[in-house]
Amino acid sequence: MHKFDLSLMFVTDDRIQDDLVFSNILTAALKGGASIIQLREKQRDTLSFYQRALRTKALCASYHIPLIINDRLDIALAVDADGVHIGQKDMPAGVARKLLGDNKIIGLSVSNAQQAAEANVLEVDYIGISPIFATGTKQDDLEPPLGLKGLRAIRDIYQNPITSIGGVHQGNVAEVIQNGSDGVAVISAISKADNPEQATQQLKTIICQTGLNK
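J.: Can you help me understand the sheet that holds strand 7 (residues 162-165) in this one?
T.: Picture the strands of a sheet paired through backbone hydrogen bonds; they go either parallel or antiparallel. On the basis of which strands lie adjacent, the closed barrel formed by eight strands has the order 1-2-3-4-5-6-7-8 and parallel pairing. For this sheet, the mean inter-axis angle between neighbouring strands, taken without regard to orientation, is 25°. Two strands pair when backbone bridges link them, and strand 1 (residues 8-11) and strand 2 (residues 36-39) are joined in this way by three bridges, in the parallel orientation. Directly across from valine 11, in strand 2, lies its bridge partner glutamine 38. Sitting on the sheet, helix 4 (residues 93-100) touches strand 4 (83-86) and strand 5 (105-110), and the angle it makes with strand 5 is about 165°.

Below, the structure is given as structure tokens:
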């Protein structure tokens with residue numbers, strides 16, 4: 001198991017096409033305390049995804065924060081990212097591990113208890129419960145929200161770190177941590193905030209305080 005801080009993952013917002021705006025929000029998240037960055041680009045072609053990944057990796061490296069790539073193992077390999085996050089319909093975890101090697105982070109999205117149980121025997125470093133709450137950001141092939149009850153059930157099943165994504169914000173993040181998640185992954189709570197750096201700081205503070213009081 002690799003050592004990394006899963007407490008606050010910022011998943012980049014692929015609705016933001018302007019590179020300067022994208023960079024400014026990413027920088028704000030890094031300054032604010034995001035512990036890991038996931039680059040998610042569902043619409044870009046391979047070349048522009050690769051170019052954005054190179055820029056993102058350089059920025060993350062300057063803050064000593066790991067970068068993982070959503071779905072695309074080829075991009076992760078091309079830019080030597082710190083890992084990938086894959087879904088149930090992406091490259092199998094065992095194949096991803098063979099391609100990436102033992103020193104990279106692999107995360108896997110799960111939407112139910114069966115998938116969580118299966119993940120126990122896969123070579124993944126964490127699972128991402130998706131979605132934990134209803135969300136307006138990711139609409140493609142979303143399962144029904146698991147809620148806190150679903151999170152607790154998966155916590156009883158899965159032995160390694162868990163992050164939760166989908167509708168997480170300052171008002172409910174403490175509950176998510178209290179109910180068994182090791183961290184959270186957010187998109188809009190940072191990317192749509194009036195002050196992304198401050199929003200990141202506030203989320204991180206709540207997460208850390210809640211974790212100490214578990």
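J.: Can you walk me through the packing of aromatic side chains in this structure?
T.: By convention here, two paired aromatic rings are described through the distance between centres and the angle between planes. All chains considered together, the criterion is met by one aromatic pair. Lying across the ring of phenylalanine 22, arginine 52 places its NZ or CZ 3.8 Å from the centre.

J.: What am I meant to see in the side chain of arginine 52 here?
T.: Looking at where arginine 52 falls in the secondary structure, it is placed in helix 2 (residues 46-62). Look past the residues within four positions of arginine 52 in its chain and what remains in contact with it is Ile16, Gln17, Asp18, Asp19, Phe22, Leu39, Glu41 and Arg44.

J.: What am I meant to see in the packing of helix 1 (residues 19-32) against helix 9 (residues 196-212) here?
T.: When two helices pack together, their arrangement is captured by the angle between the axes and the distance separating the axes. The interhelical angle for the contact between helix 1 and helix 9, taken along N-to-C directions, is 35°, at an axis separation of 7 Å. The two elements helix 1 and helix 9 meet at a crossing, and its hand is right-handed. Facing Ile25, Ala28, Ala29, Lys31 and Gly32 of helix 1, the residues of helix 9 in contact are Pro196, Glu197, Thr200, Gln201 and Lys204.

J.: Before we go on, may I ask you to explain a nonpolar patch on the surface in this structure?
T.: A surface patch of nonpolar side chains, amounting to about 320 Å² of accessible area, comprises Leu77, Met91, Val95 and Leu99. The topology assignment puts methionine 91 in the loop between strand 4 and helix 4. Accessibility expressed as a relative area gives 37% for methionine 91, which makes it partly exposed.

J.: Help me understand the nonpolar core, please; the structure alone is not making it clear to me.
T.: Generally speaking, nonpolar side chains in soluble globular proteins are found buried as a group. The biggest cluster of nonpolar side chains holds 52 residues, and the ones touching the most others in it are Phe10, Ile37, Ile69, Ile86, Ile127, Ile154 and Val184. Here this core gets five residues from one element, more than from any other, and that element is helix 1. Every residue in contact with isoleucine 69, bar those within four places of it in the chain, is listed here: Leu39, Phe49, Ala53, Ile75, Ala76, Ala81, Gly83, Val84 and His85. Leu6, Ile36, Ile105 and Tyr126 belong to the second largest nonpolar core, which has 10 residues in total.

J.: Can you help me understand the packing of helix 1 against helix 2 in this one?
T.: Their axes nearest at 11 Å, the elements helix 1 and helix 2 cross at an angle of 30°. For the element pair helix 1 / helix 2, the angle class is roughly parallel. The handedness of the crossing between helix 1 and helix 2 is right-handed. Residue-level contacts link Asp19, Phe22, Ser23, Leu26, Thr27 and Leu30 of helix 1 to Arg52, Arg55, Thr56, Leu59 and Cys60 of helix 2.

Parameters at a glance
Residues numbered from 1 in each chain as written. Predicted model: local features only at pLDDT ≥ 70, side-chain atom pairs only at ≥ 80, totals over all residues. Heavy atoms only, no water. Pairing = 2+ DSSP bridges. Helix = DSSP H or I, 4+ residues; strand = E, 2+ residues; numbered from the N terminus. Axes fitted to C-alpha atoms, helices over the stretch in contact; angles between N-to-C directions. Contact = heavy atoms within 4.5 Å. Phe/Tyr/Trp six-rings, centres within 6.5 Å; stacked < 30°, edge-to-face > 60°. Lys NZ or Arg CZ within 6 Å of the ring centre and 35° of its normal. Left-handed = near helix turned anticlockwise from the far one by under 90°. Patch = residues over 30% accessible without salt bridge, like charges linked within 9 Å, V, L, I, M, F, W, Y side chains within 5 Å. Areas by Shrake-Rupley, 256 points an atom, 1.4 Å probe, with all protein chains shown as cover. Salt bridge = Lys/Arg side-chain N within 4 Å of Asp/Glu carboxyl O. Buried < 20%, exposed > 50% of the residue type's maximum accessible area, 1.4 Å probe, protein only. Core = buried A, V, L, I, M, F, W, Y, C linked by side-chain atoms within 4.5 Å. Parallel < 35°, antiparallel > 145°, perpendicular 65-115°, else oblique.

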